[in-house]
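# Structural overview for review
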Amino acid sequence: MSKKLSLGLFGFGVVGQGLYDIIRTKDLNLEIRKIAIKHPEKKRSLPAELFTTDVDAVLNDPEINTIVELINDAEAAWYIVSSALKKGINVVSANKKLIASHLEELVDLQEEYGASLLYEGSVCGSIPIIRNLEEYYDNELLYSVRGIFNGSSNYILSKVFNEDLDYDVALKQAQDLGFAESDPILDVGGYDAKYKLVIASAHAYGVLANPDEVLNIGIQNLTSQDVQFAKEKNYKIKLVPTALEFAEKQIVLYVLPKLVKSDDFLYNVENEYNGVIVQAAFADQQFFFGKGAGGHPTGSAVLSDIAALRYDYKYEYKKYHQKSGFRLTGDYSLNVYLRYTDESLIQKLHFESITERYYSPDFSYIIGKVSLNSLIEHKELLSIKGSFVAEIGNVSPVTHESGYSEEHLKIEASGVATHIATI
Ligand code: HSE
């Protein structure tokens, strides 16, 4: 018989409620003993005596042997999670900002106090990517891990692309459906995806990156011009976090919108679904697909972690402890599409090469290679209204006898750009 788990739950929002819905349908030999909440005035679906606003009363309850942290305040979550680990209590958390920002300390605390912290629900909702990176790929060389890690921004992009919905209307729907963070800039600005990328990279490469040093540019400046540009060339725009080993032991991490073609698995990932593509040396390419946001999908990942604690499952952070020598760098070239209004941005970014430029009074763009370091340096400028940057697949011109590149011919045929220069 597995040990009985007595849970102290922090937070009863979308995920907490989703977890409760799942637990109550099953006979799992576990009970929710107390739920700590911030807003006692809110109407709840459970008996009032289950709820408390006293965080320490839950942490110090001797009957509670498992803490489940599902709040959205990363600082308060740090207090809860670190206090529980210091007491030797196992913890499940879905708080991506907390985990990404304190990963090294959290690994140390687990080792020092012998407790386990599991966080499958923090990355890509229902997709079991952390446990796969941790267990299945522990002896694999991974070339890259990339995908769609944020359900809200993907929902918005799907609605804007497929249904011509207004960006703000789509965002409101994502909020109403319970997918979005309390501050939606965390979703559309690529912060949420970045925290998830940092967590995934710790398990994929053993690199504990500081999120403040990882580039995140989001979709908040997307306009109908970008959508038209993408559609005319048979692309979709997705918000894609990427971890990539591009040279011996050198990895890059970044979150950028990406123009993807139909041969990319991510092309058909729509709405709140997420997708993760793992490119491994021996297993080759594998694709994980599932709901990335919402109470029940995320609740199912949280429950899987809770169940794993019955047999004292722990992450071993093998790649981190092996000191595999991966080095994070920004010295890497990306091919990007940049729509801009401020011409000086082009100078500042120091494009290494340019394949296309298009000018008109109300729409100008450039496609070319630029270094990740340069994008990091000018992140603020790239984030202000008037510019939109997206990674674009390899469009290195394939030269034909005519002297035109395939890409050039496609662009001319689309009729979008009449003042185009292929350089
Ligand atoms: N706001 C997040 C998303 C929730 O939209 O993906 C799940 O982490």
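Residues numbered from 1 in each chain as written. Predicted model: local features only at pLDDT ≥ 70, side-chain atom pairs only at ≥ 80, totals over all residues. Heavy atoms only, no water.

### What about the packing of helix α6 (residues 129-136) against helix α10 (residues 191-205)?
- Relative orientation of the contacting elements α6 and α10 amounts to 15°, with a least axis distance of 8 Å. As summarised for this structure, α6 and α10 are arranged roughly parallel, according to the angle between their axes. In terms of crossing hand, the pair formed by α6 and α10 is left-handed. Each of Ile130, Leu133 and Glu134 in α6 lies in contact with α10, whose residues at this interface are Ile199, Ala200, His203 and Ala204.
- Of the residues that constitute the contact of α6 with α10, the class distribution is five nonpolar, one polar and one charged. (Axes fitted to C-alpha atoms, helices over the stretch in contact; angles between N-to-C directions. Helix = DSSP H or I, 4+ residues; strand = E, 2+ residues; numbered from the N terminus. Parallel < 35°, antiparallel > 145°, perpendicular 65-115°, else oblique. Left-handed = near helix turned anticlockwise from the far one by under 90°. Contact = heavy atoms within 4.5 Å. Nonpolar A, V, L, I, M, F, W, Y, C, P; charged D, E, K, R; others polar.)

### Describing the domain arrangement of the protein chain
- Per the domain assignment, the segments of the protein chain are domain 1 (5-122), domain 2 (131-290) and domain 3 (333-422).
- In this complex, domain 1 contributes 12 residues to the contact, which on the side of domain 2 involves 14 residues.
- Each partner contributes to the roughly 1100 Å² buried at the junction of domain 1 and domain 2, and carbon and sulfur atoms together form 64% of this total.
- Ranking the residues of domain 1 by area buried against domain 2 places Lys96, Ala100 and Leu103 at the top, with a combined share of 42%.
- At the surface where domain 1 touches domain 2, the tally comes to two salt bridges.
- One salt bridge in this structure joins Asp192 and Lys96, with 2.9 Å as the shortest N-O distance.
- Between the two partners, domain 1 and domain 2, sit five residue pairs in polar contact (both at pLDDT 80 or more).
- Every element with two or more residues in the side of domain 1 that touches domain 2 is listed here: α4 (96-101) and α5 (103-113).
- Among the elements that take part in the side of domain 1 that touches domain 2, α4 stands out by supplying five residues, more than any other. (Domains from an automatic or database assignment. Buried area = accessible area lost by both parts, 1.4 Å probe. Salt bridge = Lys/Arg side-chain N within 4 Å of Asp/Glu carboxyl O. Polar contact = N/O pair within 3.5 Å; in protein donor to acceptor, adjacent residues only side chain to side chain.)

### Some words on the environment of Gly121
- Within the secondary structure layout, Gly121 lies in the loop between β6 (117-118) and α6.
- Gly121 gets classed as buried once you look at its relative accessible area, which sits at 7%.
- Taking the C-alpha atoms as reference points, Gly121 and Lys96, separated by 25 residues in sequence, lie 8.7 Å from one another.
- Not counting chain neighbours up to four residues away, the residues in contact with Gly121 comprise Ala94, Thr298, Ala301 and Asp305. (Buried < 20%, exposed > 50% of the residue type's maximum accessible area, 1.4 Å probe, protein only.)

### What to know about α10
- Compared with the 21 Å implied by 1.5 Å per residue over 15 residues, the 20 Å span of α10 between its first and last C-alpha is a close match.
- With 14 of 15 residues buried, α10 is to be regarded as a mostly interior element.
- Where α10 ends, the next residue or the one after it, Gly206, has phi of about 75°, a positive value. (Expected span 1.5 Å × (residues − 1).)

### Digging into unusual backbone geometry
- Phi is positive for Tyr317, which is not a glycine, with a value near 50°.
- Inspection of the secondary structure assignment puts Tyr317 in the loop between α12 (295-309) and α13 (318-321).
- Looking at Tyr317, the relative accessible area reads 4%, which means it is buried.

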